[in-house]
Amino acid sequence: MEKTKREIVLPSQYLGDINKNKAGRGTFIEQGKIYARIVGVLHQNPPYINVIPVKGRYDAVEGDLIIGFVEEPLSSSWLVDINAPYPALLHVNEVPWDVEFGETEKYLNTGDSIMAKILSVDLEKKLNITLKDRNLYKIRGGHIINVEPSKVPRIIGKKGSMIGLLKKYTRCRIFVGQNGRIWIDGDDENIVKMLAAIRLIEEESISYGLTNKVENLLKTQ
């Protein structure tokens with residue numbers, strides 16, 4: 001009988017050994033074995049084993065690419081909403097501009113959107129982000145939509161396969177933040193097609209055969 005759903009795992013469920021795999025999101029290691037840290041969907045992206053929460057706020061991991069909304073400019077930094085329980089800090093040393101003390105508003109102001117990267121996450125979950133990397137900048141134009149952070153791996157696909165499919169059939173530009181925010185830019189007709197495909201991925205995220213379903217939808221739109 002063909003499988004139709006992805007495996008749901010429970011906390012402390014054994015997932016594999018570290019000599020063959022690496023512990024990814026939502027897991028922990030004990031005595032050389034990898035276990036689930038949370039209830040979620042098993043997502044294997046060799047060599048990593050991940051457990052993606054079914055629902056919930058974004059759990060930041062260093063190196064993640066995200067979309068943030070500026071909440072408040074401070075004297076030498078900005079507070080940024082990244083869809084996590086607490087805002088992240090963007091320091092003036094982590095932007096590509098030469099910002100004078102007290103002049104942060106000239107560069108980023110409340111309500112501005114940015115593509116950023118998680119720079120660090122400490123033990124108390126204090127978050128620092130950066131714009132000092134390729135393809136990170138203040139967003140101008142396009143549309144930003146929200147999805148469950150748990151759906152992001154399926155929207156990206158293995159080695160970017162799903163994003164590649166979406167781009168192929170819509171010719172839209174797309175940036176998928178690990179925090180469940182997606183930026184899309186293109187003509188109106190193709191944006192509607194892209195949104196329909198993303199909603200299908202959200203609804204069918206734990207089903208097998210999803211790539212074929214999405215491709216069929218995009219071909220008929």
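Below you will find a few notes about this structure.

Criteria and cut-off values
Residues numbered from 1 in each chain as written. Predicted model: local features only at pLDDT ≥ 70, side-chain atom pairs only at ≥ 80, totals over all residues. Heavy atoms only, no water. Core = buried A, V, L, I, M, F, W, Y, C linked by side-chain atoms within 4.5 Å. Buried < 20%, exposed > 50% of the residue type's maximum accessible area, 1.4 Å probe, protein only. Helix = DSSP H or I, 4+ residues; strand = E, 2+ residues; numbered from the N terminus. Contact = heavy atoms within 4.5 Å. Salt bridge = Lys/Arg side-chain N within 4 Å of Asp/Glu carboxyl O. Expected span 1.5 Å × (residues − 1). Pairing = 2+ DSSP bridges. Axes fitted to C-alpha atoms, helices over the stretch in contact; angles between N-to-C directions. Patch = residues over 30% accessible without salt bridge, like charges linked within 9 Å, V, L, I, M, F, W, Y side chains within 5 Å. Areas by Shrake-Rupley, 256 points an atom, 1.4 Å probe, with all protein chains shown as cover.

Description of the nonpolar core
Then comes step 1: Judged by nonpolar contacts, the single largest core of 26 residues is most densely connected at W78, I82, L90, I114, I129 and L131.
Then comes step 2: Those elements that place two or more of their residues in this core are β8 (65–73), β9 (77–81), β10 (88–91), β11 (113–121) and β12 (127–130).
Then comes step 3: Broken down by element, the residue count for this core peaks at four residues, all from β11.
Then comes step 4: Leave out the neighbours within four places in its chain, and L131 touches L90, E94, V95, P96, W97, L108, I114, M115, A116, L136 and Y137.
Then comes step 5: By size, the runner-up hydrophobic cluster in this structure holds 23 residues, among which are Y169, I174, I182 and V214.

Quick look at the environment of L65
Then comes step 1: Mapping L65 onto the fold places it in strand β8.
Then comes step 2: Separated by 122 residues in sequence, L65 and D187 place their C-alpha atoms 25 Å apart.
Then comes step 3: In this structure, L65 is in contact with A116, K117, L136, F175, V176, G177 and Q178, ignoring residues within four places of it in sequence.

Quick look at the environment of I8
Then comes step 1: By the element assignment, I8 lies in strand β1 (residues 8–9).
Then comes step 2: It is 34 Å that separates the C-alpha atoms of I8 and S113, two residues lying 105 residues apart in sequence.
Then comes step 3: Not counting chain neighbours up to four residues away, the residues in contact with I8 comprise Q13, V39, G40 and V41.

Some points on the environment of I198
Then comes step 1: Inspection of the secondary structure puts I198 in helix α3 (residues 188–203).
Then comes step 2: I198 gets classed as buried once you look at its relative accessible area, which sits at 0%.
Then comes step 3: Those residues in contact with I198, other than ones at most four positions away along the chain, are I145, V147, I155, L166, I174, I182 and I184.

Some words on the pattern of salt bridges
Then comes step 1: A full pass over the atoms with the stated rule returns ten salt bridges.
Then comes step 2: Here D112 makes a salt bridge to K138, at a shortest N to O gap of 3.4 Å. Here the residue D112 occupies a position in the loop between β10 and β11, and K138 occupies one in the loop between β12 and β13 (143–146), the gap between them amounting to 26 residues.

Looking at α3
Working note: α-helix, 3.6 residues per turn, so residues spaced by three or four point in the same direction.
Then comes step 1: Helix length check: α3, at 16 residues, gives a terminal C-alpha distance of 23 Å against a target of 22 Å (1.5 Å per residue), a fit within 8%.
Then comes step 2: Three or more residues of α3 are buried, namely N190, I191, K193, M194, A197, I198, L200, I201 and E202.
Then comes step 3: Contacts from the buried residues of α3 go to β13, α1 (152–156), α2 (161–170), β14 (173–176), β15 (181–185) and α4 (210–220).

Some details on the sheet that holds β13
In a beta sheet, neighbouring strands are held together by backbone hydrogen bonds and run either parallel or antiparallel to one another.
Then comes step 1: The strand order across the open sheet formed by three strands is β13-β15-β14, and the pairing between neighbours is antiparallel. Edge positions in the open sheet fall to β13 and β14, since each of these has one partner strand only. The average angle at which neighbouring strand axes cross in this sheet is 20°, direction not considered.
Then comes step 2: As paired strands, β14 and β15 are joined by four bridges and run antiparallel to one another. From the neighbouring strand, V176 faces β15, where its bridge partner is I182.
Then comes step 3: Against the sheet, α3 contacts β13, β14 and β15, and its axis sits at roughly 155° relative to β15.

Focus on a nonpolar patch on the surface
Then comes step 1: Taken together, I8, L10 and V39 make up a surface patch of nonpolar side chains, about 260 Å² in accessible area.
Then comes step 2: Taking the relative accessible area as the measure of exposure, I8 reaches 42% and is therefore partly exposed.

Some remarks on the sheet that holds strand β4 (residues 27–30)
Then comes step 1: If you walk across this open sheet you meet the three strands as β2-β5-β4, and the pairing is antiparallel. At either end of the open sheet lies a strand with only one pairing partner, and these are β2 (14–17) and β4. Recorded for the sheet is a direction-independent mean angle of 30° between the axes of neighbouring strands.
Then comes step 2: Examined bridge by bridge, β4 and strand β5 (residues 33–36) share four bridges and lie antiparallel to one another.

Coordinates in, geometry out; function isn't part of it.
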